[in-house]
Amino acid sequence: MFITVENLKKSYNTGKNKSEVLKGISITLEKGQTGVILGPSGSGKSTLMNIIGGVDRADSGSIYVDGLELTVLDDDKLTDYRRDSVGFIFQFYNLVPNLTITENIEVVSNISKAPLNIDTVLRAVGLEGKKRSFPRELSGGEQQRVAIARAIVKNPKLLLCDEPTGALDYETSRGVLSLLQKVNRDFGTSILMITHNTAIGNMANVVYKLRSGEIVETIRHEEAFPAERIEW
Ligand SMILES: Nc1ncnc2c1ncn2[C@@H]1O[C@H](COP(=O)(O)OP(=O)(O)OP(=O)(O)O)[C@@H](O)[C@H]1O
Ligand SMILES: [Mg+2]
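Basis of the calculations
- Chains are numbered independently. Their residues run from 1 in the order of the written sequence.
- Chain letters and ligand numbers both follow the written order, the letters beginning at A and the numbers at 1.
- Residue-level local features of this predicted model are given only where pLDDT is at least 70; pairs of side-chain atoms are given and counted only at 80 or more, and the full residue set underlies all totals for whole chains, interfaces and linings.
- In computing side-chain values, all of the structure's heavy atoms are included and hydrogens and water are not.
- A run of DSSP states H or I qualifies as a helix once it reaches four residues; a run of E qualifies as a strand once it reaches two. Both are numbered from the N-terminal end.
- Throughout, radius of gyration means the C-alpha value; the globule benchmark is 2.2 Å times the number of residues raised to the power 0.38.
- Whether two residues touch is decided by their heavy atoms; if any such pair falls within 4.5 Å, the residues are in contact.
- Each accessible area is a Shrake-Rupley estimate made with a 1.4 Å probe; only the visible protein chains count as cover when residues are assessed.
- Two residue types count as positive, namely Lys and Arg, and two as negative, namely Asp and Glu; His and chain ends fall outside the count.
- Note that the charge is assigned to NZ on lysines, CZ on arginines, CG on aspartates and CD on glutamates.
- Note on definitions. A residue lies near a molecule or strand when any single heavy atom of the residue is within 4 Å of it.
- Under the rule applied, a polar contact is a pair of N or O atoms within 3.5 Å (in protein, one hydrogen donor and one hydrogen acceptor; residues adjacent in sequence only if both atoms are side-chain atoms).
- To qualify as a nonpolar core, a set must consist of buried Ala, Val, Leu, Ile, Met, Phe, Trp, Tyr and Cys residues joined through side-chain atoms within 4.5 Å.
- For each residue, the accessible area found with a 1.4 Å probe, counting protein chains only, is set against the maximum for its type, and the residue is called buried under 20%, exposed over 50%, and partly exposed in between.
- Pairing between two strands is assigned when DSSP locates at least 2 bridges connecting them.
- For helices, the fitted line uses only the C-alpha atoms of the stretch in contact; every axis is such a line through C-alpha atoms, and the angle between N-to-C directions lies from 0 to 180 degrees.
- UniProt positions are given in the numbering used here, feature names are shortened, and annotations may be inferred rather than shown by experiment.
- Within this document, salt bridges are pairs made up of a side-chain nitrogen of Lys or Arg and a carboxyl oxygen of Asp or Glu, the two lying within 4 Å of each other.

Enquirer: Which parts of the structure should I look at to understand the overall build of the chain?
Expert: Summing up its helical and strand segments, the chain has six helices and 10 strands in all. At 17 Å, the chain has a C-alpha radius of gyration in line with the 17 Å of a compact globule built from 232 residues. Dimensions along the principal axes, computed over C-alpha positions, put the chain at roughly 50 × 40 × 35 Å. Within the chain, counting contacts between residues at least 6 apart in sequence, those at least 24 apart form 71% of the total. A total of about 10900 Å² of accessible surface is found on the chain, and carbon and sulfur atoms cover 45% of it. Of the charged side chains in the chain, 28 are positive and 29 negative; the average position of the first set lies 2 Å away from that of the second.

Right, here's the structure in full:
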């Protein structure tokens with residue numbers, strides 16, 4: 001198994017109250033597969049993803065990613081894991097405004113162990129013509145493509161996407177989802193994606209439904225749909 005999360009728990013202290021945000025989450029994902037986490041706002045999706053990405057820590061339970069047990073790593077080792085193995089994509093692209101597209105990607109490739117060639121990555125996301133442009137000169141969908149290029153240039157084993165189409169219109173969203181499927185296919189990258197949108201679950205091998213910090217249903221699809229065929 002590529003990802004194994006077992007009985008993961010996380011609470012936050014807010015003043016006097018302790019609120020349990022993850023109440024014993026268990027999920028698995030095979031290598032090269034796409035998993036989608038579906039759930040309403042506040043159900044703990046980002047918290048779960050951040051812990052799997054090594055950005056945050058759980059209170060108890062265990063997480064293995066490709067054989068590495070994250071929950072026992074010290075801070076330095078967890079940083080190594082995050083840098084070497086995980087690519088992040090967010091709803092708002094988080095590009096650096098005063099750097100060109102190429103430079104935005106170089107920020108990551110320069111600190112990567114075995115980065116992909118920048119031109120290869122730009123070609124993969126269909127932006128080879130925008131190398132010297134600045135983020136403000138690109139549409140939202142194009143900026144998200146840059147964010148995807150930046151996330152995959154380090155050739156991560158795992159791509160974590162938190163509402164990657166949350167700020168995009170329908171057609172642009174399908175383009176971005178289709179691109180993520182292409183990355184999954186061409187580079188063998190396993191993908192874990194958060195969405196509010198039930199239809200997007202159809203492009204996943206596994207859908208985890210989260211409600212108030214608990215997995216209420218896990219649906220495994222025999223066939224993952226191409227993003228172009230998904231309608232909502
Ligand atoms: N640093 C924090 N301190 C205190 N509470 C937090 C913190 N981070 C998250 N929470 C709480 O944990 C709960 C789950 O948050 P989380 O961001 O994981 O939800 P989500 O499912 O990603 O929601 P959304 O769809 O709105 O992004 C929320 O009630 C939130 O207020
Ligand atoms: Mg969230």
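Enquirer: It is not clear to me how the site of ligand 1 should be interpreted in this structure. Could you clarify?
Expert: In the vicinity of ligand 1, the contacting residues are Tyr 12, Thr 14, Val 21, Pro 40, Ser 41, Gly 42, Ser 43, Gly 44, Lys 45, Ser 46, Thr 47 and His 196. Contact distances for ligand 1 include 2.8 Å between an oxygen atom and a backbone N or O atom of Gly 42. With respect to ligand 1, the backbone of Ser 43 contributes an N or O atom lying 3.2 Å from an oxygen atom. Listing elements by their share of the shell around ligand 1, those giving two or more residues are β1 (3–14) and α1 (45–52). Broken down by element, the shell around ligand 1 gets its largest block of residues, three residues, from α1.

Enquirer: How should I be thinking about the nonpolar core in this particular structure?
Expert: The tendency in soluble globular proteins is for nonpolar side chains to be buried side by side. Counting residues in hydrophobic clusters, the biggest one holds 39 residues, and the most contacted among them are Ile 105, Ile 148, Leu 159, Leu 180 and Met 193. For this core, the secondary-structure elements that each account for two or more residues are β3 (34–38), α3 (101–109), α4 (118–124), α5 (140–152), β7 (158–162), α6 (170–187) and β8 (190–195). Broken down by element, the residue count for this core peaks at six residues, all from α5.

Enquirer: Teacher, can you tell me more about the sheet that holds strand β9 (residues 206–211) here?
Expert: Hydrogen bonding along the main chain pairs the strands of a sheet, whether they run parallel or antiparallel. Spatially, six strands are ordered β6-β7-β8-β3-β9-β10 in an open sheet, and the strand pairing comes out mixed. The open sheet is flanked by β6 (86–90) and β10 (214–220), the only strands paired with a single partner. On average, adjacent strands in this sheet sit at an angle of 15° to one another, irrespective of strand direction. Contacting β6 and β7, helix α2 (residues 75–85) crosses the sheet at an angle of about 70° to β6. Each of β3, β6, β7 and β8 is contacted by α6, which is oriented at about 160° to β8, the strand it contacts most.

Enquirer: Could you clarify how one ought to interpret the sheet that holds strand β5 (residues 68–69) in this entry?
Expert: Spatial strand order, β2-β1-β4-β5: four strands in an open sheet with antiparallel pairing. Looking at strand neighbours, the two that pair on one side only are β2 (17–29) and β5, the edges of this open sheet. The pairing of β1 with strand β4 (residues 60–65) spans five bridges and is antiparallel. Bridge pairing in β4 links Thr 4 to Tyr 64.

Enquirer: Looking at this structure, I do not really get the UniProt feature "domain: ABC transporter" (unreviewed entry) in the chain. What am I missing?
Expert: In this numbering, the UniProt entry assigns the feature "domain: ABC transporter" (unreviewed entry) to residues 3–232. The distance from the first to the last C-alpha atom of residues 3–232 is 29 Å, and the span holds 29% helix and 29% strand.

Enquirer: Please explain the pattern of salt bridges as it appears in this structure.
Expert: Between side chains of opposite charge, a pair can form as their charged atoms come close. On inspection of all chains with the given rule, the structure shows 11 salt bridges. Salt-bridge contacts for Arg 174 lead to Glu 171; the nearest nitrogen and oxygen are separated by 3.9 Å. Here the residue Arg 174 and the residue Glu 171 both occupy positions in helix α6, the gap between them amounting to three residues, near one helical turn.

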